[in-house]
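Read off the chains here:
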Amino acid sequence: MSGLIAWPKPSWSWASLPALGVVWCLAASQVPSYVLPQPWDVASEAGRWIGSGDLWRQVAASLLRETGGFLAATLAALVLGTTAALSIGFRQFISPLNGLFMAIPPIAWAPLSMIFFGIGYLSIAVVIFIAAVFPMATAIQEGVLTIQGGEVRAARTLGASKLQLLRHVYLPASLPFVTTALRIGFSQAWRALVAAEMIGASQGIGWMVAMGGQTGNSSEVLLGVSLIGLIAWLMESLVFRRIERRYENWRGQQ
């Protein structure tokens, strides 16, 4: 028996999207095309948007808003999360605020943001910021708090200052948790972006979905939904999962 080859177990992850496509086709065949179009109808709609050049403008508008709001939230979350982990007083002060803001759906802030900043880039970026900053700050705070005390004590014994502790102990050891925070924050920010664009934008993927619904163009709606899922999947697969695998062994040693 020891000479037998141990074949790896097959993975069925490859079958999920084809299975979804089959279900889509079967469901679409039971209703009129204006209710649920077939995948090739959505592909035809995509070709029309691509041919006119409008598709890239909508995607670019959404990505620009997402980038600005998400980067601002990341910087703020790093400061808030690290400070809360290192300072008991600040952690006690900010914990109720984290709980309050995370309990409120980010899209609830969209009308107020649009009243303050008008309909445009800034109002949607603010909604994205609110959606992402508090979950990320909480994740970073918890990550820094889990750093083993032995490493900190050893650095202090060697005479490390607070700044050196932050730079050479806390920051490297917390990188896996920062990566997890970025992953959580991006998903929250992406959902908030789409929702905000649906109620207060003149371009973007969320605007595409809203306009398709208002005009009864279900192919346009599904095209927008497909773009939302595709971009989120690309970020998850090509960015966050690769970064997390980079620190997988490191996390196991913490």
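Residues numbered from 1 in each chain as written. Predicted model: local features only at pLDDT ≥ 70, side-chain atom pairs only at ≥ 80, totals over all residues. Heavy atoms only, no water.

- Per an unreviewed UniProt entry, the chain carries the name ABC transporter permease and comes from Rhizobium pisi.
- Under Sequence similarities (unreviewed entry), UniProt gives the following word-for-word description of the chain: "Belongs to the binding-protein-dependent transport system permease family."
- The UniProt entry for the chain carries the following text under Subcellular location (unreviewed entry): "Cell membrane". (UniProt positions renumbered as here; feature names shortened; annotations may be inferred.)

As for helix H4 (residues 88-103)
Item 1. In a regular helix each residue adds 1.5 Å, so 16 residues correspond to 22 Å; H4 covers 23 Å between its end C-alpha atoms and thus fits that length.
Item 2. Residue Ile94 marks the point of greatest curvature in H4, where the axis turns by about 30°; the proline Pro96 follows within four residues.
Item 3. Those residues of H4 that sit buried are Arg91, Ile94 and Asn98.
Item 4. Where the residues of H4 are buried, they touch helix H3 (54-86) and helix H6 (121-145). (Helix = DSSP H or I, 4+ residues; strand = E, 2+ residues; numbered from the N terminus. Expected span 1.5 Å × (residues − 1). Bend = angle between axes of the 7 residues up to and from the residue. Buried < 20%, exposed > 50% of the residue type's maximum accessible area, 1.4 Å probe, protein only. Contact = heavy atoms within 4.5 Å.)

Details of the nonpolar core
Item 1. Counting residues in hydrophobic clusters, the biggest one holds 45 residues, and the most contacted among them are Met136, Trp190, Ile205, Leu223 and Leu227.
Item 2. If you list the elements that add at least two residues to this core, you get helix H2 (39-52), H3, helix H5 (110-117), H6, helix H8 (162-200), helix H9 (205-215) and helix H10 (218-246).
Item 3. When residues in this core are grouped by element, the largest group, 13 residues, is from H8.
Item 4. In contact with Leu227, not counting residues within four places along its chain, are Leu55, Val59, Ile205 and Met208. (Core = buried A, V, L, I, M, F, W, Y, C linked by side-chain atoms within 4.5 Å.)

Brief notes about a nonpolar patch on the surface
Item 1. Residues Leu64, Leu112, Ile115, Phe116, Phe117, Tyr121 and Leu122 make up a contiguous nonpolar surface patch of about 770 Å² in total accessible area.
Item 2. At the level of secondary structure, the elements contributing two or more residues to the nonpolar patch comprise H5 and H6.
Item 3. Position of Leu112 relative to the elements: it lies in helix H5.
Item 4. Judged by relative accessible area, which is 40%, Leu112 ranks as partly exposed. (Patch = residues over 30% accessible without salt bridge, like charges linked within 9 Å, V, L, I, M, F, W, Y side chains within 5 Å. Areas by Shrake-Rupley, 256 points an atom, 1.4 Å probe, with all protein chains shown as cover. Salt bridge = Lys/Arg side-chain N within 4 Å of Asp/Glu carboxyl O.)

Quick notes on the environment of Met208
Item 1. In this structure, Met208 sits in helix H9.
Item 2. Of the residues examined, Met208 reaches a relative accessible area of 0% and is grouped as buried.
Item 3. Sequence-distant contacts of Met208, that is, excluding residues within four places in its chain, are made with Trp49, Leu55, Gln58, Glu220, Leu223, Gly224 and Leu227.

Points about the packing of H3 against H4
Item 1. Two elements in contact, H3 and H4, have axes separated by 5 Å at closest approach and are oriented at 125°. Comparing their axes, H4 and H3 come out oblique. Taking contact as the criterion, the partners of Leu80, Thr83, Ala84, Ala85 and Leu86 in H3 are, on H4, Ile88, Phe90, Arg91 and Ile94.
Item 2. Residue classes in the contact of H3 with H4 are distributed as 7 nonpolar, 1 polar and 1 charged. (Axes fitted to C-alpha atoms, helices over the stretch in contact; angles between N-to-C directions. Parallel < 35°, antiparallel > 145°, perpendicular 65-115°, else oblique. Nonpolar A, V, L, I, M, F, W, Y, C, P; charged D, E, K, R; others polar.)

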